[in-house]
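# Coordinate analysis (summary)
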Amino acid sequence: MSAGCGRTVEDGAAEYADSLWDDRPVVDLAFDVAPGLDRVTGRERVVFTPDLPVCELVFRAWPNKPVMARDGTAMRVTAAAVDGRAVAPRVLPAGAPENAPGTLIELPLTGCAPAGRTITAELDFTLVLGEDANDRIGFSRAPLMAWWATGFPLLAWVRGEGWAREDAVSIAGETATSEDFRLRDLAVTAPEGLAVLGTGTPAGASPGAAPGTTTHRFAADAVRNVAVTVGRLDVVERDVGGTRVHLGTPVAGTAVPPQEWLDRVERYVDRLGEQLGPFPYPELWISVIPAQSSGIEFPSALQFGDLGRGQLDSLVAHELAHQWFYGLVGNNQARDPWIDESFTTMAQAVATDQEGGYVLADIPDDSLGEVGRPMSYWGYYFGFDRYVQVVYNQGGAALVEARQRAGEERFDRALRAYLRGNAHRVAAPADVAAAFGDLPEVRDLLVENGALAAS
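For the structure given in this document, a descriptive report is provided here. (Residues numbered from 1 in each chain as written. Predicted model: local features only at pLDDT ≥ 70, side-chain atom pairs only at ≥ 80, totals over all residues. Heavy atoms only, no water.)

Scanning all chains against the criterion turns up 22 aromatic pairs. The interplanar angle of 75° and the centroid separation of 4.7 Å between the aromatic rings of Trp157 and Trp163 together place this pair among those described as edge-to-face. Note on Trp157: relative accessible area 2%, which makes it buried. Through a chain of ring-to-ring contacts, the aromatic side chains of Tyr377, Trp378, Tyr381, Phe382, Phe384, Tyr387 and Tyr392 assemble into a single cluster. Above the face of the Tyr377 ring, Arg373 is positioned so that its terminal group lies 4.2 Å from the ring centre. A cation sits over an aromatic face here: Arg386 above Phe382, 4.5 Å from the ring centre. (Phe/Tyr/Trp six-rings, centres within 6.5 Å; stacked < 30°, edge-to-face > 60°. Buried < 20%, exposed > 50% of the residue type's maximum accessible area, 1.4 Å probe, protein only. Lys NZ or Arg CZ within 6 Å of the ring centre and 35° of its normal.)

Following this line, the structure appears as structure tokens:
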């Protein structure tokens, strides 16, 4: 059954509900946007029940990673408390450049807490947005808009493992790691009259505390990240296979009309659903941002550049596929970037009928066997182009060929079982190996290309 065949809004979430972590963190976020849209004041409350003993809480400040810091983006924690007691955060560089705040924030506990003890943390922070930044956080004066994602202290916990402390590296790409959390309340207070796109289900708007402002609220049952866009935007909506799609575009217009964007989204939600199963979220928020040159994915939200028709199919299919790979099934993006990017590239190729563009025989010999390398390898020794060549293209080609060798039905059945079995979790290479344990053709190719270790 395809994703466009009359499912109700609840169908996608219900398909994976059994995998929800009952003790997932509960997060409240409030963002107050400055009149010029160039900075944000934030407040965060996290209720966290670890499944392992902890002696501190660890949050990641990804706006301070090198690529974003160079664009003028910066996040600073200005106050913090744990269980109602004020604490002094320990901020560690963890890969941040010298002139930027650190990317790793520790909140010390008075004593180590056993597994199962609930801890409440509160953080105040400021976020400065880089002007016309070609990244997930920035603002523009013309068109007037601001956008930020992963723009808050992100709790860096992985069930059964503990804190994700990998350093940021000087390369574009995702490095965030987090479990799903319940976004109990997302409140965005912005200048009156501006459109606000958020994450999750809209929960109404009301006058803000300051004159001339409006507070927009959202909530989500299970997301591992949050994205927001504010600006002078036209917002159009469409129901797509049980998901409400909200598309925000600059009022001055875009290279491709909004309805054509929505047509592509509808096409690829349906085609991806045929291979992967129900779309995971009841709402999808899409922002077209002229300062950006590509696309970036977040759970139930996407950011796209103002692209021409020739780029739309591949990029829309790719970023939508990330709603399953990274959104629904997470991964440590610093340690195992292939788990979302290689699978997403394969799903994109299938959805767009472009499998012929991903052929292992076309991959240069000197890049074979490196698909499973971490982001630090690409950042320290190579760069973004080589990262894309190997993790996206070679990894995607290996999975396209694996699907052909195993047979499309057998491969897709195992893939859907992998998605159901690891939904709302942070997956590791061992989980991929287990999912394809009955398909040696798949495992052998992943081993040959360096994604999995030989058993």
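Where nonpolar side chains cluster on the molecular surface, the patch consists of Tyr380, Tyr381 and Phe382 and spans about 390 Å² of accessible area. Tracing the backbone shows Phe382 in the loop between helix 6 (375–381) and helix 7 (384–406). (Patch = residues over 30% accessible without salt bridge, like charges linked within 9 Å, V, L, I, M, F, W, Y side chains within 5 Å. Areas by Shrake-Rupley, 256 points an atom, 1.4 Å probe, with all protein chains shown as cover. Salt bridge = Lys/Arg side-chain N within 4 Å of Asp/Glu carboxyl O. Helix = DSSP H or I, 4+ residues; strand = E, 2+ residues; numbered from the N terminus.)

With that out of the way, let us pick up the state of the cysteines. Across all of its chains, the model carries 1 disulfide by this definition. At a sulfur-sulfur separation of 1.8 Å, the disulfide partner of Cys55 is Cys112. Between Cys55 and Cys112, the disulfide has an S-S torsion of 100° and is therefore right-handed. Placement of Cys55 in strand 3 (residues 54–60) and of Cys112 in strand 7 (residues 104–113) is noted, with a sequence separation of 57 residues between them. (Disulfide = S-S within 2.5 Å.)

Bringing the pattern of salt bridges into the picture now. In total, this model carries 30 salt bridges according to the counting rule given. We note a salt bridge from Arg264 to Glu260, for which the minimum N-O separation is 3.3 Å. Residue Arg264 and its partner Glu260 are located together in helix 3 (residues 258–276), separated by 4 residues, close to a single helical turn. Note that Arg264 is salt-bridged to Asp313, the shortest N-O span being 3.3 Å. Here Arg264, found in helix 3, pairs with Asp313, found in helix 4 (residues 309–321); they are 49 residues apart in sequence, far enough to count as distant. For Arg264, a relative accessible area of 11% puts it in the buried group. Put simply, Glu260, Arg264, Arg267, Arg309 and Asp313 are held in one network by salt bridges that share partners.

Before going further, it helps to spend a moment on the pairing of strand 7. Where a strand is regular, its side chains alternate between the two sheet faces. Counting buried positions along strand 7 gives 7 out of 10 residues, so the element sits mostly inside the fold. With 6 bridges connecting them, strand 3 and strand 7 associate as antiparallel partners. When the bridges of strand 7 are listed, Phe59 appears paired with Ile105. Two elements, strand 6 (residues 90–92) and strand 7, share 3 bridges in a ladder whose sense is antiparallel. Across the sheet, Val91 pairs through a bridge with Ile105, a residue of strand 7. (Pairing = 2+ DSSP bridges.)

A word on the pairing of strand 14 (residues 181–191). Most of strand 14 sits out of view: 9 of its 11 residues are buried. Pairing of strand 1 (residues 26–33) with strand 14, which is carried by 7 bridges, proceeds in the parallel orientation. Its bridge partner being in strand 14, Asp32 is matched across the sheet by Thr189. Looking at chain direction, strand 14 and strand 17 (residues 213–223) are connected through 8 bridges and run antiparallel. Pairing of Pro191 across the sheet is with Thr213, part of strand 17.

What follows concerns helix 5 (residues 338–351). Taking 1.5 Å as the rise per residue, helix 5 with 14 residues should run 20 Å; its terminal C-alpha atoms sit 19 Å apart, in good agreement. Of all 14 residues in helix 5, 14 are buried, a share of seventy percent or more. Just beyond helix 5, the residue with positive phi is Asp353, at close to 55°. (Expected span 1.5 Å × (residues − 1).)

Here we come to the environment of Met68. Turning to its location among the elements, Met68 is positioned in helix 2 (residues 66–70). Not counting the four nearest positions on each side in its chain, Met68 is found in contact with Trp62, Pro63, Thr73, Asp135, Arg136 and Ile137. (Contact = heavy atoms within 4.5 Å.)

What follows deals with the sheet that holds strand 16 (residues 201–207). Read across the sheet, 8 strands follow the order 5-4-8-2-1-14-17-16 without closing on themselves; strand pairing throughout is mixed. At either end of the open sheet lies a strand with only one pairing partner, and these are strand 5 (85–86) and strand 16.

So, on to the side chain of Gln323. Secondary-structure assignment places Gln323 in the loop between helix 4 and strand 24 (329–331). A polar contact is formed between the side chain of Gln323 and the backbone oxygen of Phe298, at a distance of 2.9 Å. Once you skip the residues sitting within four places of it in the chain, Gln323 turns out to touch Phe279, Pro280, Tyr281, Leu284, Phe298, Pro299, Ser300, Ala301, Leu302 and Leu328. (Polar contact = N/O pair within 3.5 Å; in protein donor to acceptor, adjacent residues only side chain to side chain.)

The contact between helix 5 and helix 7 brings their axes to 8 Å, and the two run at 60°. Judged by the angle between their axes, helix 5 and helix 7 are oblique. Here helix 5 runs over helix 7; the crossing is right-handed. In contact with Trp338, Glu341, Ser342, Phe343, Thr345, Met346, Ala349 and Val350 of helix 5, helix 7 contributes Tyr387, Val391, Tyr392, Gly395, Gly396, Leu399, Val400 and Arg403. Split into classes, the residues belonging to the contact of helix 5 with helix 7 amount to 10 nonpolar, 4 polar and 2 charged. (Axes fitted to C-alpha atoms, helices over the stretch in contact; angles between N-to-C directions. Parallel < 35°, antiparallel > 145°, perpendicular 65-115°, else oblique. Left-handed = near helix turned anticlockwise from the far one by under 90°. Nonpolar A, V, L, I, M, F, W, Y, C, P; charged D, E, K, R; others polar.)

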